[in-house]
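# Summary of the model geometry
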Amino acid sequence: MICSECNGGCCRRFPIDISGYDMIKISKALMIDYSYFVDTRVVKEAELEKIKNNNIAMFKFTDDSCESYYRFCLKKIKSKVFPDIVSCMFLQEWNDNLLKQPDGENEIIARCGIYECRPLTCANFPVKFDLSGNFPHITNPYTDAPKIDHPGLDLCPRDVKNEDFRPFADSIVKSLTLYNYEEKFFKDLADFWNTEPKSYSEFYKFIEKIYNNRLSSDKS
Ligand code: SF4
Ligand code: SF4
């Protein structure tokens, strides 16, 4: 798999948006409070349209008199091997001088520290459904994303190929389907919350109640 050859540029370069599903999953799996890993980011006026078009849920809170929208991301911290940039707080990074490359450079290794409970956006990157919403489509960060002149922000060490994903086709379709469902669910939840916003301290009680009671039966 191509990611095993990579130093994790995507985990440093992009904001990692998370849904309520991701928040609850990570909090339960690691037994940590949301405040430890959730970054509540104000959405700037110039970003509003793009974020809406990308189906990212945005919430208002009474703490600032509902003046701004906020999105939820994983926190970032200073990268351990590229201290001039930030990385996802869960990225494990080594600059290993025992593993010298042929050119004498140290080998940089980076792996997800929460692989089993990583957010759905990470689990699916760089695959998404095509415009019809039916067929998984592999995007190619190596060629499609603008190049940035920083080794910690390089994406994918080579062209992404179908063969990289073919062995996992079934699980990718399942995971993408779940991702699309959860993304829409969280966006609908944001619309509901924003009709009568409350304070930030009420938010986590609200989502726990919703997500813990999502299964219902005709008899309930
Ligand atoms: S959760 Fe894991 S895969 Fe996702 S950005 Fe963080 S380190 Fe990378
Ligand atoms: S940048 Fe590409 S190869 Fe590297 S971890 Fe991200 S998806 Fe995998």
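The present account deals with the structure reproduced in this document. On a predicted model such as this, the values are computed, not experimentally measured, just so you know.

Definitions and limits used
- Residues numbered from 1 in each chain as written.
- Chains lettered and ligands numbered in written order.
- Predicted model: local features only at pLDDT ≥ 70, side-chain atom pairs only at ≥ 80, totals over all residues.
- Helix = DSSP H or I, 4+ residues; strand = E, 2+ residues; numbered from the N terminus.
- Rg over C-alpha atoms; globule rule 2.2 N^0.38 Å.
- Buried ≥ 20, exposed ≤ 12 C-beta atoms within 10 Å, placed from the backbone.
- Contact = placed C-beta atoms within 7 Å.
- Near = placed C-beta within 6 Å.
- Nonpolar A, V, L, I, M, F, W, Y, C, P; charged D, E, K, R; others polar.
- Axes fitted to C-alpha atoms, helices over the stretch in contact; angles between N-to-C directions.
- Parallel < 35°, antiparallel > 145°, perpendicular 65-115°, else oblique.
- Pairing = 2+ DSSP bridges.

## So, the overall build of the protein chain
Helix and strand content of the protein chain: nine helices and eight strands. The C-alpha radius of gyration of the protein chain comes to 19 Å, within 12% of the 17 Å expected for a compact globule of 220 residues. Expressed as lengths along the three principal axes of its C-alpha atoms, the size of the protein chain is roughly 60 × 35 × 35 Å. In the protein chain, which comprises 220 residues, the share counted as buried stands at 25%. Taking contacts inside the protein chain between residues at least 6 apart in sequence as the whole, the part at least 24 apart equals 61%.

## So, the site of ligand 2
In the neighbourhood of ligand 2, the contacting residues comprise I2, C3, C6, G8, G9, C10, F125, P126, P141, L155 and C156. In terms of residue class, the shell around ligand 2 is made up of nine nonpolar, two polar and no charged.

## Observations regarding the site of ligand 1
Every residue near ligand 1 is listed here: C11, I16, L74, C88, F90, L91, C112, I114, R118, P119 and C122. Residues belonging to the shell around ligand 1 are distributed by class as follows: 10 nonpolar, no polar and one charged.

## Regarding unusual backbone geometry
For the peptide bond that leads from F125 to P126, omega is 5 degrees, which places it in the cis range. Of note, P126 is situated in the loop between α5 (120–124) and β7 (127–129). Even without a glycine there, the phi angle at S65 is positive, about 55 degrees. One can find S65 in the loop between α4 (48–53) and β2 (70–74). Even without being a glycine, C66 presents a positive backbone phi close to 60 degrees. Looking at where C66 falls in the secondary structure, it is placed in the loop between α4 and β2.

## Structural notes on the packing of helix α2 (residues 20–30) against helix α9 (residues 200–212)
At their nearest, the axes of α2 and α9 sit 10 Å apart, and the two run at 90 degrees to each other. As the angle between them shows, α2 and α9 are arranged roughly perpendicular. Along its contact with α2, which presents G20, Y21, M23 and I24, the element α9 presents I207, E208 and Y211. The residue inventory of the contact of α2 with α9, partitioned by class, reads five nonpolar, one polar and one charged.

## Describing the environment of I114
Locating I114 in the fold gives a position in the loop between β6 (106–112) and α5. Along the primary structure I114 and L30 are separated by 84 residues, whereas in three dimensions their C-alpha atoms are 8.6 Å apart. Excluding anything up to four places from it in sequence, I114 contacts I26, L30 and F90.

## Things to note about the environment of S175
Within the secondary structure layout, S175 lies in helix α8 (residues 169–195). Separated by 51 residues in sequence, S175 and N124 have C-alpha atoms that sit 6.9 Å apart. With residues up to four places along the chain from it excluded, the contact list for S175 reads L120, A123 and N124.

## Topic: the pairing of β2
Two faces, one strand: in a regular strand the side chains alternate between the faces of the sheet. Counting buried positions along β2 yields five of five residues, so the element is predominantly enclosed. Residues Y70, F72 and L74 point to one face of β2 and R71 and C73 to the other, with burial holding for every one of them. Pairing of strand β1 (residues 38–42) with β2, which is carried by five bridges, proceeds in the antiparallel orientation. Note that in β2 the partner of V38 across the bridge is L74.

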